[in-house]
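These are the residues of each chain, in order.
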Amino acid sequence: MHTVYGGAHLFKADSAGRLGSLAVRSFETYAPDAKIFAEILEIPSALADTIYERVAEKLSREAVEDFRIDFEDGYGTRPDAEEDGHAVAAAQEVAKGLEAGTLPPFIGIRIKTFSDELHARSIRTMDIFLSTLIAATGGRMPDNFVVTLPKIVVPDQVALLADIFDELEPKLGLSAGSLKMEMMIETTQSIINHEGRINLPLLLEAARGRCTAAHFGTYDYTASCSITAAHQHMMHPACDFAKHMMQVSFAGTGLWLSDGATNIMPVGPHRAAEGAQLTPNQIDRNRAVVHRAWKLHYDHIQHSLVGGFYQGWDLHPAQLPTRYAAVYAFFLEGLDAASERLRNFVEKAAKATLVGDVFDDAATGQGLLNYFLRAINCGALTEDEALQLSGLTHEVLVSGSFVKILKNRQNL
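The structure presented is a predicted model; accordingly, all values stated were derived computationally and were not measured.

Student: Could you give an account of the pairing of strand β6 (residues 211–216), with specific residues and numbers?
Tutor: Burial of β6 is extensive: 5 of the 6 residues sit out of reach of the surface. Two strands pair when backbone bridges link them, and strand β5 (residues 180–185) and β6 are joined in this way by 5 bridges, in the parallel orientation. Opposite Glu 182, over in β6, you have Ala 213 as the bridge partner.

Listed below in structure tokens is the structure:
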């Protein structure tokens, strides 16, 4: 559902756990019960308890799903010796986390852009990090490890990263093709090149099968469109255009698409000095600031979900409660209608069906099935709930293919 970005100089083997603890603290402090949480985010009262309970369970069990150790914007420009040291230290911490089982299910690093000025530094950091990691783990790599390449302008930059992977794998004793990348789409040139051609398929082709995901960079992209700071946000029409271009260009490729981040943090302005307590007025002010930031974050995620982007970035642990609440609410609010439509549609097999004022044809069937699969995958629904509501069997549901469902029904 999300990727947390954090500066490489701050990463520790237990970062995911520590961030989870901070997320739980924020949740319990500023949303002490389901009613308050639902009022802040305008969640329907009928869903308040369910969403609150599932958010609490997710935060306590696995608050951070994916972490990107950032050597780019979240790290900045530093002397070479300092970045070398942080590359070594971050790799050693990943090795410790791998041994201790404290890493999140997905992890990786974001290197600097392959611009003329920074590509040498970027390559050096990646080489140091990977070499140190392999040496510290005896040749093991974390599951689902990726290298994120930012601010891509031309396919040659993607091809260069693929070339470097080709050289690094035998050097590190890794199997061919094991190193994977993510592309960041955050420049106008990534979308349409200087010849007026759509650049996105060319970027993917240049990755030579090594790309697993494409992440949208809200603030760099809006800046490249000359949008002023006051209007740089995830719901700007320019962002919708770029993300729709990503969807069209990468449809059917298997790439996972991710939206950007909300940069207004849910952090109160007042902190108590050691041994002191906040005044009631300061507590109220903190609560108001956090609640306002939570609602903004929630609305941004809902906008992403409506647009078909099911993953996004988070920059602070206090954003995690609203990340999960928004995703769960998105699926649960439409659950009854989707359940009825899917049941009716399956019963009629390949025939079209009308439920209320919504007319479904065969092309909609897969979309309805995907709805349930995504709801289960994110934790909004349990599999038992999905089976009961959809009327499907476990075997049919996990097949993931509506065509198979229709064929099975027609053969009965």
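Student: Give a detailed account of the packing of aromatic side chains, specifying residues and quantitative values.
Tutor: Remark: the centre distance and the inter-plane angle together describe each pair of aromatic rings, the angle taken between the planes. Summed over all chains, the structure comprises 15 aromatic pairs. Their ring planes at 35° and their centres at 4.8 Å tell us that Phe 27 and Tyr 52 sit as a pair that is tilted. On the criterion of sequence distance, the pair formed by Phe 27 in helix α1 (residues 15–30) and Tyr 52 in helix α3 (residues 45–62) is long-range, its members being 25 residues apart. Tyr 52 carries the same exposure label as Phe 27, and that label is buried. Ring centres 6.0 Å apart and planes at 15° place the aromatic pair Phe 129 and Phe 145 in the stacked group. Separated by 16 residues along the polypeptide, Phe 129 in helix α5 (residues 119–137) and Phe 145 in strand β4 (residues 145–149) bring together distant segments of the chain. Each member of the pair, Phe 129 as well as Phe 145, is classed as buried. If you follow Arg 78 out to its NZ or CZ, it ends over the ring of Tyr 75, 4.3 Å from the centre. Lying across the ring of Phe 309, Lys 243 places its NZ or CZ 5.8 Å from the centre.

Student: With reference to specific residues and values, describe the side chain of Glu 65.
Tutor: Position of Glu 65 among the secondary structure elements: in the loop between α3 and β2 (66–70). Of the polar contacts made by the side chain of Glu 65, one reaches the side chain of Lys 58; its length is 2.9 Å. Every residue in contact with Glu 65, bar those within four places of it in the chain, is listed here: Met 1, His 2, Lys 58, Pro 104, Pro 105, Phe 106 and Tyr 324.

Student: Describe the pattern of salt bridges, naming the residues involved and giving the relevant values.
Tutor: This structure, assessed with the given rule, holds 29 salt bridges. Across the pair Asp 73 and Lys 151 runs a salt bridge whose closest N-O atoms are separated by 3.2 Å. Note that Asp 73 is positioned in the loop between β2 and α4 (80–100) and Lys 151 in the loop between β4 and α6 (155–172), a separation of 78 residues in sequence.

Student: Outline the packing of α1 against α3, supporting the account with residue identities and numerical values.
Tutor: Viewed as axis vectors pointing N to C, α1 and α3 meet at an angle of 150°, and their least axial separation amounts to 9 Å. With respect to α3, the element α1 is oriented roughly antiparallel. Taking contact as the criterion, the partners of Gly 20, Ala 23, Val 24 and Phe 27 in α1 are, on α3, Tyr 52, Val 55, Ala 56, Leu 59 and Ser 60. Among the residues making up the contact of α1 with α3, the classes are represented as 7 nonpolar, 2 polar and no charged.

What counts, and where the lines are drawn
- Residues numbered from 1 in each chain as written.
- Predicted model: local features only at pLDDT ≥ 70, side-chain atom pairs only at ≥ 80, totals over all residues.
- Heavy atoms only, no water.
- Buried < 20%, exposed > 50% of the residue type's maximum accessible area, 1.4 Å probe, protein only.
- Helix = DSSP H or I, 4+ residues; strand = E, 2+ residues; numbered from the N terminus.
- Pairing = 2+ DSSP bridges.
- Phe/Tyr/Trp six-rings, centres within 6.5 Å; stacked < 30°, edge-to-face > 60°.
- Lys NZ or Arg CZ within 6 Å of the ring centre and 35° of its normal.
- Polar contact = N/O pair within 3.5 Å; in protein donor to acceptor, adjacent residues only side chain to side chain.
- Contact = heavy atoms within 4.5 Å.
- Salt bridge = Lys/Arg side-chain N within 4 Å of Asp/Glu carboxyl O.
- Axes fitted to C-alpha atoms, helices over the stretch in contact; angles between N-to-C directions.
- Parallel < 35°, antiparallel > 145°, perpendicular 65-115°, else oblique.
- Nonpolar A, V, L, I, M, F, W, Y, C, P; charged D, E, K, R; others polar.

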